[in-house]
Amino acid sequence: MSNLINSKIKPFKATAYKNGEFKEVTEQSLLGKWSVVFFYPADFTFVCPTELGDLADYYEQLKDMGVEVFSVSTDTHFTHKAWHDASETIKKINYAMIGDPTGTISRNFEVMIEEEGLALRGTFVINPEGEIKVAEIHDLGIGRDAKELVRKIQAAQYVAAHPGEVCPAKWTPGEQTLAPSLDLVGKI
């Protein structure tokens, strides 16, 4: 995998299911705000609904932070609607569920498993300028934690707003940051 950090998102055009409607989504939809692109292998599976439901539980907090969420699988937008209608867990999702049946978006973010036609579990945080600031990819059997994603976004937003400062491990808003300098070398 090449280094996606600080790279610009590549062009795409797809259809998403959101709030009872089908909507066109492009890379332009991600610009001008912080965004999360959350890849998962397939609808009607096992780990996926636990992750998507967990993310749905944090969606209002993310929106309050100025973040929009886009989940993506290689299913169609029609399959997303059917799953939304059939599953109590998925019914609570209010963010866009993008269909990527051609695999274009999955390939753009380098999460496509070509021989299976599925995406790995990939989480990408994108700044308002369209640059990838966080990239995390998991094997299919390892679920993600939305609470930790929120913390990473808070750190990314803080660093963007405070040039010259960095956030140490487990940093949360209100805690002390670091200002890298010669004085800190060997003292942490």
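Values in this document were obtained by computation on a predicted structure and should not be read as measured data.

Tell me about the packing of aromatic side chains, residues and numbers included.
Applying the stated criterion across every chain yields a total of nine aromatic pairs. For the ring pair Tyr-40 and Trp-83, a centre distance of 6.1 Å and an interplane angle of 40° mean the geometry is tilted. Remark: Trp-83 occurs in helix H3 (residues 77-86) and Tyr-40 occurs in the loop between strand E3 (34-39) and helix H1 (47-57); sequence separation between them is 43 residues. A relative accessible area of 0% places Tyr-40 in the buried class. Taking the centre distance of 5.6 Å and the plane angle of 70° together, the rings of Tyr-59 and Tyr-95 count as edge-to-face. Note that Tyr-59 is positioned in helix H2 (residues 59-64) and Tyr-95 in the loop between helix H4 (88-91) and strand E5 (96-99), a separation of 36 residues in sequence. Given a relative accessible area of 3%, Tyr-59 falls into the buried group. Taken together, the ring pairs connect Tyr-17, Phe-22 and Phe-78 into an aromatic cluster. Positioned above the aromatic ring of Phe-38 is the side chain of Arg-144, whose terminal nitrogen or guanidinium carbon lies 3.7 Å from the ring centre.

Quick one: what's the story with the UniProt feature "active site" (unreviewed entry) in the chain, residue by residue and with numbers?
UniProt's feature table lists "active site" (unreviewed entry) at Cys-48, given in the numbering used throughout. Its place among the elements puts Cys-48 in helix H1. Residue classification places Cys-48 among the buried residues on the basis of a relative accessible area of 1%.

Conventions used here
Residues numbered from 1 in each chain as written. Predicted model: local features only at pLDDT ≥ 70, side-chain atom pairs only at ≥ 80, totals over all residues. Heavy atoms only, no water. Phe/Tyr/Trp six-rings, centres within 6.5 Å; stacked < 30°, edge-to-face > 60°. Helix = DSSP H or I, 4+ residues; strand = E, 2+ residues; numbered from the N terminus. Buried < 20%, exposed > 50% of the residue type's maximum accessible area, 1.4 Å probe, protein only. Lys NZ or Arg CZ within 6 Å of the ring centre and 35° of its normal. UniProt positions renumbered as here; feature names shortened; annotations may be inferred.

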